[in-house]
Amino acid sequence: MRNLKLIPVLIGALLALSIILYIAFYFVFLDLFVDLWWFESLKLEGYFWLKLLYKFFLSGGVTLAFFTIFFLHFWIASRYLGLNTAQEALANPDERRRLQRFSDVFMNGSVKVYTPIALVLAIFVAMPFYHQWEKSLLFFFGAASGVTEPIYGNDVSFYLLSFPLYELIQRELLTTAGLIFIMVGLLYWLEHLFMPYQRKEFPLGAKIHLLVLGGFVIAFVVWGFMLERYSLLYVDAHEPVFYGPGFVELRYQLPLIWLAILTFLATMICAGLYLFSEKHRIKTPFYISLAAFLAALLLPNIRVIPELLQRYIVNPNPVRTEQAFIQSNIDATLAAYNLNNVKTVETTNQIDAAKDIETWSTQKRFENIPVWDREYIIDSYRQLQEIRPYYKFRSVDEDRYFVLDHTRQVNISAREVNISKLPEGAQNWENRHLRYTHGYGAVVTPASQDADKPQTWYLRDLNMQSTVGFSIKHPDIYYGQEQLNYAIVPNRLDIVDISGSQEADTDIYHGIGGVPIPSYFRKALLAIYFNDEKIFFFHQYHYRKQN
């Protein structure tokens, strides 16, 4: 009978263990294995392990730090500062022993409760650091740019490398301080409620502890307001004239942020005096400061005042009111493109410009002047060179190639596979993942093509025809801009080349990239990863087994 009673416990333990193992496998180890295989195929497994080390080292360290903070405050609150026993109870030996037994039970029992709570809270607070570990690396290893922005006088690298991490740290520290303040206050209240012979007021140690925690909450709120000032630099309301803050932001919204800081501090001071000082319990200063703080918070959300400032102060003479901000934007743009140190050279003007025109009117000069815009020439590519319905040109780029005795600027675009254009009857697993797995070739045209002449092609058609000597050995395109799912190549299906430009090739995959599938273990994991059981049951893999 005794063993039968343990059966539900064993079933529950096995069920809990199964759930934990499933979560660990599906959300941790599955991604870990697949990512490792992918980086190994790129010969970058060293980078993968380094990235993983940084990620877990940072998240583990942050989790340990937050756990220590939570546990330390819970431990102090439960062992030292929460008791305020009446003197008559301490004078009686029996009552003192009874109080001691209660204290021991409460202290030893509470540690079993707040320890897992501290761990769960630490993991919850540290989770954003796990997902944004790159920001921490940029913060620690980034270098200064040497360019200073004029509004706050910070180096530009501060906004690229430090500011995002400061925002994250501020949010998590404020959350931590708020949780500790609430839960420690609750712990003190429970001690006060269940421990016998306690006075009505909290002991001095508990008040000091709560006051310190409240001070941290206030400090982190103020830090949040200080960081909010920098968000004004990301305002885009003045585009396309300039980017960043203007008259309204720096003369209206920025003073309101400073006002919010001052009124918030005044409100907290008045609240602290009212709660902890019997001589200064006056409500009027608290209500006034609270009303001013709420007004400072609400005024930026009222669009009437900024619109009036914009209409009656900025718009009548925008060049004068916004001149400094426009100039700052120009200076920042020049610094971004490294054009702020351009050397000006004086040149003499030729009265007869015929010689200059003759010098510049050579083929080498004008054939490097781009004429076609991308959004227009891609229409020509799609109409004339997609050829098959399952091919697509996603975008056009500019490049330079040595063509006919000198370097020329050209337009180039890759012909990628577009599975969505297959007929509905052909939309099956075999076609999507085994047959139509790659694009084919590219087109190249001169960037200076005249619009009133027939299109000149340096590279065209599915047979890669070129009149200027371009040669492509393997035109298959497996990695492009098209958002495709996985492809299993090479495989042993009897696949005729889908481009129709050459004879059937039993080894159509000529690349070295991709994840090999040499075992049933990998097949099973990849089937689970892509949520597709056909990966496991498909047996026509080629001996090279690339995925």
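For the structure, check the block above.
A quick note: this is a predicted structure, and the numbers were derived from the prediction, not measured.

## Quick look at helix H15 (residues 374-385)
If you check H15, its first and last C-alpha atoms are 15 Å apart, about what 12 residues at 1.5 Å a residue would give, namely 16 Å. Within H15 the residues assigned to the buried category are Ile377, Ile378, Ser380, Tyr381 and Gln385. When H15 is viewed along its axis, its buried side chains cluster within an angular range of 155° and face the same direction. Exposed side chains of H15 directed beyond 90 degrees from the buried face belong to Glu375, Tyr376 and Gln383. After H15 finishes, the residue Ile387 shows a positive phi value of roughly 65°.

## Some points on the side chain of Ser157
Considering the arrangement of structural elements, one finds Ser157 in helix H6 (residues 156-194). Judged by relative accessible area, which is 13%, Ser157 ranks as buried. Side chain to side chain, Ser157 and Asp155 meet in a polar contact 2.6 Å long. When sequence neighbours within four positions are dropped, the list of residues in contact with Ser157 reads Ala143, Ala144, Ser145 and Ser162.

## Digging into the pattern of salt bridges
Inspection of the entire model under this criterion finds five salt bridges. Between Glu40 and Arg522 there is a salt bridge, with its nearest N and O atoms 3.9 Å apart. Within this pair, whereas Glu40 is found in helix H1 (residues 2-41), its partner Arg522 is found in helix H17 (residues 520-529), the two being separated by 482 residues in sequence. On the basis of relative accessible area, Arg522 is assigned to the buried category, the value being 15%. Note that Arg374 and Glu398 form a salt bridge whose closest N and O atoms lie 2.7 Å from each other. Taken together, the residues span a long stretch of sequence, with Arg374 in helix H15 and Glu398 in strand E2 (residues 397-403) at a distance of 24 residues. You can call Arg374 partly exposed: its relative accessible area is 42%.

## Considerations on the packing of aromatic side chains
Under the counting rule described, the total for this entry stands at 38 aromatic pairs. These aromatic residues form a ring-pair network of at least three members: Phe139, Phe140, Tyr152, Phe158, Tyr159, Phe163, Tyr166, Trp223, Tyr230 and Tyr234. In this structure, Arg229 is placed above the aromatic ring of Tyr230, and the distance from its NZ or CZ to the ring centre is 4.9 Å. Here the basic side chain of Lys523 rests over the ring of Phe536, its NZ or CZ set 5.7 Å away from the ring centre.

Criteria and thresholds
- Residues numbered from 1 in each chain as written.
- Predicted model: local features only at pLDDT ≥ 70, side-chain atom pairs only at ≥ 80, totals over all residues.
- Heavy atoms only, no water.
- Helix = DSSP H or I, 4+ residues; strand = E, 2+ residues; numbered from the N terminus.
- Expected span 1.5 Å × (residues − 1).
- Buried < 20%, exposed > 50% of the residue type's maximum accessible area, 1.4 Å probe, protein only.
- Arc of directions from axis to C-beta.
- Polar contact = N/O pair within 3.5 Å; in protein donor to acceptor, adjacent residues only side chain to side chain.
- Contact = heavy atoms within 4.5 Å.
- Salt bridge = Lys/Arg side-chain N within 4 Å of Asp/Glu carboxyl O.
- Phe/Tyr/Trp six-rings, centres within 6.5 Å; stacked < 30°, edge-to-face > 60°.
- Lys NZ or Arg CZ within 6 Å of the ring centre and 35° of its normal.

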